[in-house]
Amino acid sequence: MDNQVLNHHQNSTWKIISCLVSLISVCFTQFTFSLLPLFLPASSSLTLLPLSALLLVIVVGFGRLCKNIAGVRASAPAFVFFTIFFVWALYISVVRQVITSLMDIVFNLEIIMVMIGLCRIMSVDPGFVTHHSSCQELLHSPLGEVKAHGEELKISTCAVQQESATEEVFTLHRRIKYCRHCNNYVMGFDHHCPAFGNCIGQRNHVLFVVLLLGFVISEASFVACASQFTADFETLNDVDRKGTVSKNLVLGTMLFCLIQVLWQVIFLMWHVYCACFNIKTDEWINWRKYPEFQINIIPAGQAQTAIQFINPYDKGILRNLKEFLTAKG
């Protein structure tokens with residue numbers, strides 16, 4: 001009992017330290033981005049954007065170096081949360097003064113919804129399979145196949161009750177895979193998202209896509225508000241040292257949000273594409289691990305067979321999207 005209490009105390013301490021490291025990392029990243037408009041004041045945002053991407057790579061590399069040296073790592077979900085809070089605080093304290101009341105209400109609602117969605121996706125069950133999973137839950141899921149390091153997950157109770165139906169469902173409609181990060185089996189496993197600290201599976205895949213869209217909209221809204229602020233900056237007050245620092249900080253955060261929007265749009269389009277063709281990220285990347293995604297063909301003029309990708313779960317775009325949107329645990 002004493003060892004359990006001690007371990008729990010140590011884990012809590014490390015979590016607090018990890019959150020503090022995340023907070024420091026967010027502040028360091030944002031203030032580093034503000035150096036670009038400081039040293040290149042005449043450059044446009046489009047000119048600074050590739051430099052910002054390069055700077056982000058350098059900052060991430062520096063963070064990993066510090067982690068290896070100090071042995072302390074930041075919490076990715078905490079980093080995401082503190083980043084949202086930083087953007088919101090910067091908007092309220094600096095940018096808000098030039099924004100219309102309607103846009104102000106809309107942006108604040110967007111940030112609140114994103115934070116609620118973030119807390120929700122970090123805590124929601126993505127579709128973990130436990131010993132208490134019922135046959136009804138496993139049989140009526142639209143996603144399929146039991147896999148764990150290439151081995152079937154055996155659920156004897158269901159096999160006894162509905163042998164023929166279970167065999168058909170397990171063969172055609174079951175996609176349960178093992179996540180080494182969560183050390184658990186997940187129904188409809190797509191990938192493990194380190195930014196949200198949770199698996200993306202059958203029960204939260206739609207929420208993940210909606211939240212990703214929320215991030216894109218809210219960050220794009222901040223970029224629009226920050227652009228208006230920088231355009232009206234000269235006419236707001238007498239330009240002083242404090243005002244210049246605020247402007248550079250807004251510009252740096254705007255560049256950071258632009259980079260986030262670009263890769264999030266690509267990621268969002270990828271998940272929409274996967275939903276349209278009923279394929280999971282893990283299956284697409286590691287399809288050679290799963291026999292059902294392989295087909296042997298003999299190319300013309302060759303004696304040896306070649307392995308190509310085939311998707312046995314594709315039922316047409318409309319039906320695929322319907323299954324994706326109505327998937328339940």
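- Going by what an unreviewed UniProt entry lists, the protein chain is known as S-acyltransferase and is assigned to Buddleja alternifolia.

**Digging into the environment of G127**
Right, on to step 1. Among the secondary structure elements, G127 is positioned in the loop between α5 (101-123) and β1 (128-129).
Right, on to step 2. Between the alpha carbons of G127 and N184 there is a distance of 9.8 Å; along the sequence they are 57 residues apart.
Right, on to step 3. What G127 contacts, discounting residues up to four positions off in sequence, is Y185, V186, M187 and R203.

**Structural notes on the pattern of salt bridges**
Right, on to step 1. For the structure on display, the rule yields five salt bridges.
Right, on to step 2. R96 is paired through a salt bridge with D104; the nearest N and O atoms lie 3.0 Å apart.
Right, on to step 3. Residue class for R96 comes out partly exposed when judged on its relative accessible area of 35%.
Right, on to step 4. A salt bridge links E283 to K177, with the shortest nitrogen-to-oxygen separation between them at 2.8 Å. You can see E283 sitting in helix α12 (residues 281-285) and its partner K177 sitting in strand β2 (residues 176-179), a full 106 residues away along the chain.
Right, on to step 5. Overall, the relative accessible area of 0% leaves E283 in the buried class.

**Overview of the nonpolar core**
Right, on to step 1. Grouped together as the largest cluster of nonpolar side chains are 40 residues, with contacts concentrated most on I84, V95, F196, F208 and F222.
Right, on to step 2. Elements that contribute at least two residues to this core include exactly α4 (76-93), α5, α9 (205-231) and α11 (241-276).
Right, on to step 3. Per-element accounting of this core gives the leading share, ten residues, to α9.
Right, on to step 4. Apart from residues lying up to four places away in sequence, F222 is in contact with V87, L90, Y91, V95, F107, V250, T253, M254 and C257.

**Description of the layout of surface pockets**
Right, on to step 1. Space inside the largest pocket adds up to approximately 1800 Å³.
Right, on to step 2. Of all the secondary structure elements, the ones that give two or more residues to the lining of the largest pocket are α1 (2-33), α3 (45-70), α4, β4 (191-193), α9 and α11.
Right, on to step 3. Counted by class, the lining of the largest pocket contains 26 nonpolar, eleven polar and five charged residues.

**Notes on the UniProt feature "transmembrane region" (unreviewed entry) in the protein chain**
Right, on to step 1. The UniProt record annotates "transmembrane region" (unreviewed entry) at residues 16-40, 46-66, 78-99, 105-123, 206-229 and 249-270.
Right, on to step 2. Between the C-alpha atoms that bound residues 78-99 the distance is 29 Å, and the span itself is 73% helix and 0% strand.
Right, on to step 3. In this annotation, residues 206-229 is assigned 100% helix and 0% strand; the end-to-end C-alpha distance for the span is 35 Å.

**Looking at the sheet that holds β1**
Neighbouring strands of a sheet are bound in pairs by backbone hydrogen bonds; such pairs are parallel or else antiparallel.
Right, on to step 1. Taken together, the three strands give an open sheet; going across it, the order is β1-β3-β2, and neighbouring strands pair in antiparallel fashion. With partners counted over all chains shown, the strands left at the sheet margins are β1 and β2, one partner each.
Right, on to step 2. Where β2 and strand β3 (residues 184-187) come together, four bridges link them in antiparallel fashion. When the sheet's bridge partners are listed, K177 is paired in β3 with V186.

**What to know about unusual backbone geometry**
Right, on to step 1. Even without glycine at this site, N183 takes up a positive phi of about 55°.
Right, on to step 2. Mapped onto the elements, N183 comes out in the loop between β2 and β3.
Right, on to step 3. Phi angles above zero are rare outside glycine, and N278 is one such case at about 50°.
Right, on to step 4. By secondary structure assignment, the location of N278 is in the loop between α11 and α12.
Right, on to step 5. Given the relative accessible area of 9%, N278 is considered buried.

Cut-offs and rules
Residues numbered from 1 in each chain as written. Predicted model: local features only at pLDDT ≥ 70, side-chain atom pairs only at ≥ 80, totals over all residues. Heavy atoms only, no water. Helix = DSSP H or I, 4+ residues; strand = E, 2+ residues; numbered from the N terminus. Contact = heavy atoms within 4.5 Å. Salt bridge = Lys/Arg side-chain N within 4 Å of Asp/Glu carboxyl O. Buried < 20%, exposed > 50% of the residue type's maximum accessible area, 1.4 Å probe, protein only. Core = buried A, V, L, I, M, F, W, Y, C linked by side-chain atoms within 4.5 Å. 1 Å grid on protein atoms, 1.4 Å probe; cavity = no way out; pocket = protein on both sides within 12 Å on 5 of 7 lines; lining within 4 Å. Points joined across faces, edges and corners; volume = space filled by probe spheres on them. Nonpolar A, V, L, I, M, F, W, Y, C, P; charged D, E, K, R; others polar. UniProt positions renumbered as here; feature names shortened; annotations may be inferred. Pairing = 2+ DSSP bridges.

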